Amino acid sequence: TDDDMFSHVFCENSKKLINVHLFALAAKYYSLSCLGVCTPLEDVLEALRGDNRGITGIKTDEFMNNKKSHEVQVMSELVDKIANYCGIKQVIDIGSGKGYLSSFLSMQYNLKVYGIDSSNTNTNGAYERNRKLKKHWRAYQSRGRANRKSQSLEKANDRPVESETKCKAISEKPLNSDSSLQSQDQVTIQDFVPSCGFTEIATSETSKQTEVVLVARTQSDESRLSEEVLTVLSVLPADAVEVFSSSQCNCGELCEKEKVQRKMASLKAKASKLSESNLYFPLTSCITAETELSDIIADLEDCMMVGLHTCGDLAANTLRIFTAKPEIKAVCSVGCCYHLLSEQFENQEDCPEEVWGFPMCQYLKDKGWCCGRNARMSACLALERVAVGQMLPTESLFYRAVLQVIIEEIYGVTKSDRHVGKTFSKSSSFIDYVRKSLKKLGLNDSKLPDSCIMDYYEKYKHRMNELEAFNMLKVVLAPCVEVLILLDRLCYLKEQDNIAWSGLVKLFDPVKSPRCYAVIALKKQSC
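Residues numbered from 1 in each chain as written. Predicted model: local features only at pLDDT ≥ 70, side-chain atom pairs only at ≥ 80, totals over all residues. Heavy atoms only, no water.

*Asks:* Would you mind going over the packing of helix H17 (residues 394-409) against helix H18 (residues 430-440) with me for this structure?
*Replies:* Axes are the key here: two packed helices are described by the angle between their axes and the distance separating the axes. Where H17 meets H18, the closest approach of the two axes is 11 Å, and the angle between their N-to-C directions is 55°. With respect to each other, H17 and H18 are oriented oblique. As H17 runs across H18, the sense of the crossing is right-handed. Here H17 contributes Tyr399, Arg400, Val402, Leu403, Ile406 and Ile407 to the contact with H18, which in turn contributes Phe430, Tyr433, Val434, Ser437 and Leu438. Considered class by class, the residues forming the contact of H17 with H18 number nine nonpolar, one polar and one charged. (Axes fitted to C-alpha atoms, helices over the stretch in contact; angles between N-to-C directions. Helix = DSSP H or I, 4+ residues; strand = E, 2+ residues; numbered from the N terminus. Parallel < 35°, antiparallel > 145°, perpendicular 65-115°, else oblique. Left-handed = near helix turned anticlockwise from the far one by under 90°. Contact = heavy atoms within 4.5 Å. Nonpolar A, V, L, I, M, F, W, Y, C, P; charged D, E, K, R; others polar.)

Take a look at the structure:
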């Protein structure tokens, strides 16, 4: 058995680690990559198969760093396919931050996105960034206009065959409403995922493609002025151009100015139709499990929720809102900051009404399972990065460890709501680090001479290698703790009666983006 295989990792009496090699093997054995519980991203994309819709690709690395570009490119493609499959055009981005994902979903995939973040600073920044991004977007529109026209004409010739195949594929895969959640993992996604109006959205896409062709033809027949007007109008807000009425001109024959004005209004209407859902709305609100989205979003409709690195309890609350609200048809959530999760059984406090970040599923609740802050902190470490040579910041960790000894022994403080943050990178020496940290913690450093600070440093300096070894063991254990948290969320979804399919999917390269696993779920058709 597994217990026998790893029974000699720790000493039976002292419980101390005695076999590091077995410890590393056991940790690998219980990682997500070895447990076989994840659904490959390629399989999910294939199950959600559909038209690529001829979208001209955008180089996100022109607007984002390498990590964020990788995350946004991969996740947005998946979100678009889910939305297209379910026949929905509205996306709610929870914890949207600076709006990287929201902007991209809106501009690249023509989705109507509401980005909700608790920080007003982030919301304002996202709005300003999106405004600037639209300026760059004009270049992409101009560059891709010829491609879209030719692609639309090609699709017009192939459409009857494609539509027939698509309808046949959907009709051959009806939702089995009697299927139990326990059998979810034994079937393909398309056996369970509802069509959610897929045929209707396909018809809508056909209509939009026809409009593209019509507008392209109109532009070719119009003057250069008209073409430039459309380019400008397509990036302006809906109320930026005044529509002129014919009653404003009393001449028997329309003057040249009136013709231009009418042409502008006509082109504006066409551009508005084509980009009707190409909208992004940054909003500020603190999301909890009890949040009523309709109070935040006036025109809430059938939609899906997404979250790219939702922090702490926000990832858990995203799943709770998804299961509770019938209008939310799908969810794709990548969590992070496990150390900020609230735990029901961590302090053994009896608060039955409280909504906790962990555990979520009834199975772990019944067992009273607790990770603890140290374990959750370990889950945030990046094993894959360490494996390729991106070593842990040993010196800053050592500074932090010695600082803790100082504040406990000198100030008698064992707990604080304040944080040291990134003080190490702003410090010129250990003495400077300690003094800056004490000020951040609200402690008086005047009674602490430099010599005393350096005495602590010298006392523990020879143990830096021990600290490094300890932290490496934590890194090895990190995937196991992350498994527990992610499987808890997946099991919670499996316990719900209204879920058609749910799974864990590895979205990102873990070296580029260590928190790389997405929890994905789709509702049953009737839910």
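Read on, since the account is not over.
*Asks:* How should I be thinking about the pairing of strand S1 (residues 90-94) in this particular structure?
*Replies:* The side chains of a regular strand alternate, residue by residue, between the two faces of the sheet. Counted residue by residue, S1 has five buried out of five residues, so it is predominantly covered. Going residue by residue along S1, you find Gln90, Ile92 and Ile94 tucked away on one face and Val91 and Asp93 tucked away on the opposite face as well. Relative to strand S2 (residues 112-117), S1 is paired through five bridges, and the arrangement is parallel. Each residue of the ladder has a partner; that of valine 91, found in S2, is valine 113. You can see the chain leave S1, run along helix H6 (residues 100-109) and come back into S2, and the turn it takes is right-handed. (Buried < 20%, exposed > 50% of the residue type's maximum accessible area, 1.4 Å probe, protein only. Pairing = 2+ DSSP bridges. Right-handed = clockwise from strand over helix to strand, strands pointing away.)

*Asks:* Before we go on, may I ask you to explain the sheet that holds S2 in this structure?
*Replies:* In sheet architecture, strand pairing relies on hydrogen bonds along the backbone and comes in two forms, parallel and antiparallel. Spatially, the seven strands line up as an open sheet ordered S3-S2-S1-S4-S5-S7-S6, and their pairing is mixed. At either end of the open sheet lies a strand with only one pairing partner, and these are strand S3 (280-284) and strand S6 (499-506). With strand direction ignored, the average angle separating the axes of adjacent strands in the sheet is 15°. Here four bridges tie strand S5 (residues 328-336) to strand S7 (residues 517-523), and the two strands are oriented antiparallel to one another. Its bridge partner being in S7, valine 331 is matched across the sheet by alanine 521. Sitting on the sheet, H6 is in contact with S1, S2, S3 and strand S4 (303-311), with an inclination near 175° to S2. Across the sheet, helix H20 (residues 464-494) is in contact with S5, S6 and S7; its angle to S6 comes to roughly 165°.

*Asks:* Hey, could you run me through the packing of aromatic side chains in this one?
*Replies:* Where two aromatic rings form a pair, the distance of their centres and the angle of their planes describe that pair. In total, this model carries ten aromatic pairs according to the counting rule given. The interplanar angle of 90° and the centroid separation of 6.2 Å between the aromatic rings of phenylalanine 10 and phenylalanine 23 together place this pair among those described as edge-to-face. Here phenylalanine 23 lies in helix H2 (residues 20-29) and phenylalanine 10 lies in the loop between helix H1 (2-5) and H2, a separation of 13 residues in the sequence. A centroid spacing of 4.9 Å and a plane angle of 85° characterise the contact between tyrosine 29 and tyrosine 30, whose relative ring orientation is edge-to-face. You can call tyrosine 29 partly exposed: its relative accessible area is 35%. Connected via pairs of aromatic rings, a cluster forms that spans Phe398, Tyr399, Phe424, Phe430, Tyr433 and Tyr457. (Phe/Tyr/Trp six-rings, centres within 6.5 Å; stacked < 30°, edge-to-face > 60°.)

*Asks:* What am I meant to see in the packing of helix H5 (residues 66-86) against H6 here?
*Replies:* Packing of H5 against H6 leaves a shortest axis separation of 10 Å and a crossing angle of 50°. The angle between H5 and H6 places the two elements in the oblique class. Of the two possible hands of crossing, H5 and H6 adopt the one that is right-handed. Mapping the contact onto sequence places Lys68, Val72, Gln73, Met75, Ser76, Glu77, Val79 and Asp80 in H5 and Tyr100, Leu101, Phe104, Leu105 and Tyr109 in H6. Split into classes, the residues belonging to the contact of H5 with H6 amount to eight nonpolar, two polar and three charged.

*Asks:* Before we go on, may I ask you to explain the pattern of salt bridges in this structure?
*Replies:* Pairing between side chains of opposite charge can happen when their charged atoms approach one another. Throughout the structure, instances matching the rule amount to twelve salt bridges. Between lysine 112 and aspartate 299 there is a salt bridge, with the nearest N and O atoms lying 2.4 Å from each other. Of this pair, lysine 112 sits in strand S2 while aspartate 299 sits in the loop between helix H12 (293-296) and S4; the two residues are 187 residues apart in sequence, bridging distant segments of the chain. A relative accessible area of 17% places lysine 112 in the buried class. Its relative accessible area of 28% is what places aspartate 299 among the partly exposed residues. Several salt bridges share partner residues, and in doing so they unite Lys67, Lys68 and Glu71 into one network. (Salt bridge = Lys/Arg side-chain N within 4 Å of Asp/Glu carboxyl O.)

*Asks:* Whenever I open this one, the environment of serine 118 confuses me. Can you help?
*Replies:* Take serine 118: it is sitting in the loop between S2 and helix H7 (120-171). For serine 118, a relative accessible area of 55% translates into the label exposed. In the structure, serine 118 is positioned 168 residues away from cysteine 286 in sequence and 4.5 Å away in space, judged by C-alpha atoms.

*Asks:* I tried to follow a nonpolar patch on the surface on my own but got confused; where do I start?
*Replies:* A cluster of nonpolar side chains, Met5, Tyr29, Tyr30, Leu35 and Val37, forms an exposed patch at the surface whose accessible area comes to about 400 Å². Assignment of secondary structure puts tyrosine 29 in helix H2. (Patch = residues over 30% accessible without salt bridge, like charges linked within 9 Å, V, L, I, M, F, W, Y side chains within 5 Å. Areas by Shrake-Rupley, 256 points an atom, 1.4 Å probe, with all protein chains shown as cover.)

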